[in-house]
Amino acid sequence: MTNMAQIGMNEVENYGSGGSNFFALKNDKDVAQVRFMYDTSADLSGYALHEIEVDGKRRYVNCLRTYNEPIDNCPLCAAKSKIQVKFFVQVYDIKDQIVRVWERGRGFGQWISGLFTRYNPLVGAVIEIERNGKAGDKNTTYQPFPISVDDTKLEDLPETVNPLGSIILDKTFDELEFYVKSGFFPVEGQQRGATNTAGDTPRRRAVPAEDETPRTRRQAF
Ligand SMILES: [Zn+2]
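Only a predicted model underlies this, so the values are computations on that prediction, with no experimental measurement involved.

Novice: Please set out the overall build of the protein residue by residue, giving values where relevant.
Specialist: Along the backbone of the protein there are six helices and eleven strands. Taken over 221 residues, the protein has a buried fraction of 29%.

Novice: For the nonpolar core, give the residues involved together with the corresponding values.
Specialist: One finds Phe36, Met37, Val89 and Ile168 to be the most contacted residues of the largest nonpolar core, which totals 39 residues. If one sorts the elements of this core by residue count, strand S5 (residues 84-93) sits on top with five residues. Ignoring any residue separated from it by four or fewer positions in sequence, one finds Phe36 in contact with Val89, Val91, Ile112, Leu122, Val123 and Ile127.

Novice: With reference to specific residues and values, describe unusual backbone geometry.
Specialist: The residue after Asn120, namely Pro121, is reached through a cis peptide bond having omega 5°. For Lys29, which is not a glycine, the phi torsion comes out positive at approximately 70°. Relative to the helices and strands, Lys29 resides in the loop between helix H1 (9-12) and strand S2 (31-36).

Novice: Summarise the environment of Leu157; cite the residues concerned and give the values.
Specialist: Its place among the elements puts Leu157 in the loop between strand S8 (141-149) and strand S9 (160-161). On the basis of neighbour count, Leu157 is assigned to the partly exposed category, with 17 C-beta atoms found within 10 Å.

Novice: An account of the pairing of strand S6 (residues 98-104) is needed here, citing residue identities and associated values.
Specialist: Bridging between S5 and S6 involves seven bridges; their strand directions are antiparallel. Residue pairing across strands places Tyr92 opposite Val99, the latter belonging to S6. Taking the residues between adjacent antiparallel strands as the criterion, S5 and S6 are bridged by four residues, where Gln97 takes a positive phi near 55°.

Rules of the game
- Residues numbered from 1 in each chain as written.
- Predicted model: local features only at pLDDT ≥ 70, side-chain atom pairs only at ≥ 80, totals over all residues.
- Helix = DSSP H or I, 4+ residues; strand = E, 2+ residues; numbered from the N terminus.
- Buried ≥ 20, exposed ≤ 12 C-beta atoms within 10 Å, placed from the backbone.
- Core = buried A, V, L, I, M, F, W, Y, C linked by C-beta atoms within 7 Å.
- Contact = placed C-beta atoms within 7 Å.
- Pairing = 2+ DSSP bridges.

Quick look at the structure:
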């Protein structure tokens, strides 16, 4: 995506686990009308990541290697931490007029592919999402119901969120190696505390996009 926003320190707080900016339908048959903030399937990518514990909290951290690279390219892979694939789907919540992040698993590409083939650009479609499954049910599914189509464009909506550096900790090889040995992150280069991603993020986002490419292990779905 080319229109990802930098996230200010205060905003980053909203993207921690359970933050208010996550999209969620909590109960069976709950619905919400959204726009998926993508034109085509090429705009959507998943992330390969690890789930680790930082300061007593579960956090995602960016995997540093692609599947065909040696396992030693990522200290967490080398330490046998499992790789997960997640999508942090940008949805515009029509009722609340706010961008939310919908965390989805590996199967999301398949789930949304039918919408991409029917609506181009997809952002022009109002989609109602319905939850099927009681709270806590692991077999919960979500069904999309297209409601209407108009000429709304991405530029008409608020800026989207870059998950990398906010929801997903964006760590270097050395930082991950330190973590594997010690169970926490080095404080050096961060503002305060081992988990301060908020202070870290704006500085990292300021580099040109091409500089971060080798470390941004996105996976096209
Ligand atoms: Zn890894």
